[in-house]
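Residue-level structure breakdown
One letter stands for each residue in the lines below.
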Amino acid sequence: MPAEFDAYARTYAEHLKDPFREQFASNSCFFPNKKLLLIRDFFQRRAQDTRALSWIDLGCGQGELLRLGQPHFAAVAGCDPSDRMIKECVNLNVRHQRVPDHIPFSDESFDLVTAVCVYHHVDVALRGALAQEAVRVLKPGGIFCIIEHNPFNPITQLIVRRSPVDVNARLLTADTAKRLSHAAGVQFIETRYFLYFPERVYRSLAGLENCLARTPLGGQFAIFSRKS
Ligand SMILES: C[S@@+](CC[C@H](N)C(=O)[O-])C[C@H]1O[C@@H](n2cnc3c(N)ncnc32)[C@H](O)[C@@H]1O
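None of the values given here were measured: they were computed from a predicted structure.

Residues in close proximity to the ligand total 18 residues, the closest being Gly59, Asp80, Gln97, Pro100 and Val116. Between a nitrogen atom of the ligand and a main-chain N or O atom of glycine 59, the distance comes to 2.7 Å. Taking proline 100, its main chain carries an N or O atom lying 3.0 Å from a nitrogen atom of the ligand. Relative to its unbound accessible surface of 590 Å², the ligand loses 89% to contact with the protein.

See the structure below:
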């Protein structure tokens, strides 16, 4: 059966176009850049050098985040059930997920697993198995990070409702993502909310956004957990 995102792959950037989204950021790189900053900040605060870490991005899509992150990690990889999406991941180490709840990499091979805006596209019944797979490919001590749209943010809700790629999306709250990770056997570390301000405001209010990281109103959130 073709993966849902095969249908969007050829004109993916067009599908994401939305005046509200463009008001928020003039340049589409703003969103992946913010996510990479957040991930790097997590490790910096723990004095851990990401250049020594291997990272897999689960549901990597067209590899935008991996391409940005590659210079900051020892090794990066990705996988996705849509082989049309990963065709755009030129020169990246990506594999096709033939089975949506199986990650085609060996046990304990990565220090960091991310799943960015993926779980809201995964059937509720499959989410637990996919989280267990994420934990399977993590090394002991490795970090599992789920980044998702925050359903409590009204602008996020509006953009999701208007987006053609989100017709089947089922948003999850930070608590649900936390429970999902916990049930897969990792230990919760922290939740960070981000994307409070449009790009032009963020430039001068980055410090305030950091202060709001625990307030559950940002446009998206990240849940970080550790495999013991
Ligand atoms: C909104 S896109 C996000 C892509 C990328 N993570 C990003 O942030 O740009 C959602 C991605 O999740 C993928 N996806 C859907 N079901 C999945 C599953 N069971 N396992 C992994 N990825 C999945 C889709 O194929 C699609 O590429």
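Anyway, onward from the coordinates.
In this structure, Ile56, Leu58, Tyr119 and Phe144 are the most contacted members of the largest nonpolar core, which totals 61 residues. If one sorts the elements of this core by residue count, helix α4 (residues 30–44) sits on top with seven residues. By size, the runner-up hydrophobic cluster in this structure holds five residues, among which are Phe5, Tyr8, Met85 and Val165.

In the structure shown here, the tally under the stated rule is 11 salt bridges. Between arginine 136 and aspartate 107 there is a salt bridge, and its shortest N-O distance comes to 2.8 Å. In this pair, arginine 136 is assigned in helix α7 (residues 124–136) and aspartate 107 in the loop between β3 (94–96) and β4 (110–116), connecting sequence segments 29 residues apart. Classification of arginine 136 by relative accessible area gives partly exposed; the value is 21%. Between arginine 136 and glutamate 133 there is a salt bridge whose closest N-O contact spans 2.8 Å. Here the residue arginine 136 and the residue glutamate 133 both occupy positions in helix α7, the gap between them amounting to three residues, near one helical turn. Through salt bridges with shared partners, a single network forms among Asp41, Arg45, Arg46, Glu190 and Arg214.

The subject of this paragraph is the pairing of β4. Within β4, seven of the seven residues are buried, which leaves the element mostly enclosed by the surrounding structure. Strand direction decides the pairing type here: strand β1 (residues 54–58) and β4, joined by four bridges, are parallel. For tryptophan 55, the partnering residue across the bridge sits in β4 and is leucine 112. At this point the chain moves from β4, through α7, to the parallel strand β5 (residues 138–149), and the crossover so formed is right-handed.

This part is about the side chain of lysine 227. With respect to the helices and strands, lysine 227 occurs in the segment after β7 (220–226). Despite its burial, lysine 227 pairs with no opposite charge, the nearest such side chain being glutamate 108 at 4.1 Å. At a separation of 2.8 Å, a polar atom in the side chain of lysine 227 contacts the main-chain carbonyl oxygen of valine 135. With sequence-adjacent residues up to four places away left out, lysine 227 is seen in contact with Glu108, Val135, Arg136, Leu138, Lys139, Pro140, Gly141, Gly142 and Val186.

Hydrogen bonds between backbone groups are what pair the strands of a sheet, and the pairing can be parallel or antiparallel. Ordered by their spatial adjacency, seven strands build an open sheet running β3-β2-β1-β4-β5-β7-β6, and the pairing between neighbours is mixed. Bordering the open sheet on either side are β3 and β6 (187–194), each of which pairs with just one other strand. Here the strands of the sheet are splayed against their neighbours by 20° on average, with no regard to which way each runs. In the sheet, β5 pairs with β7 via seven bridges, with the strands oriented antiparallel. Note that in β7 the partner of isoleucine 143 across the bridge is arginine 226. Its contacts with the sheet put α4 on β4, β5, β6 and β7, and the angle it makes with β6 is roughly 140°.

Once that is clear, we can look at the pairing of β5. Counted residue by residue, β5 has nine buried out of 12 residues, so it is predominantly covered. Direction of pairing for β4 relative to β5: parallel, over a ladder of six bridges. The residue of β5 that forms the bridge with valine 116 is isoleucine 147.

Conventions adopted
Residues numbered from 1 in each chain as written. Predicted model: local features only at pLDDT ≥ 70, side-chain atom pairs only at ≥ 80, totals over all residues. Heavy atoms only, no water. Near = heavy atom within 4 Å. Polar contact = N/O pair within 3.5 Å; in protein donor to acceptor, adjacent residues only side chain to side chain. Areas by Shrake-Rupley, 256 points an atom, 1.4 Å probe, with all protein chains shown as cover. Core = buried A, V, L, I, M, F, W, Y, C linked by side-chain atoms within 4.5 Å. Buried < 20%, exposed > 50% of the residue type's maximum accessible area, 1.4 Å probe, protein only. Helix = DSSP H or I, 4+ residues; strand = E, 2+ residues; numbered from the N terminus. Salt bridge = Lys/Arg side-chain N within 4 Å of Asp/Glu carboxyl O. Pairing = 2+ DSSP bridges. Right-handed = clockwise from strand over helix to strand, strands pointing away. Lys, Arg positive; Asp, Glu negative; His and termini not counted. Contact = heavy atoms within 4.5 Å. Axes fitted to C-alpha atoms, helices over the stretch in contact; angles between N-to-C directions.

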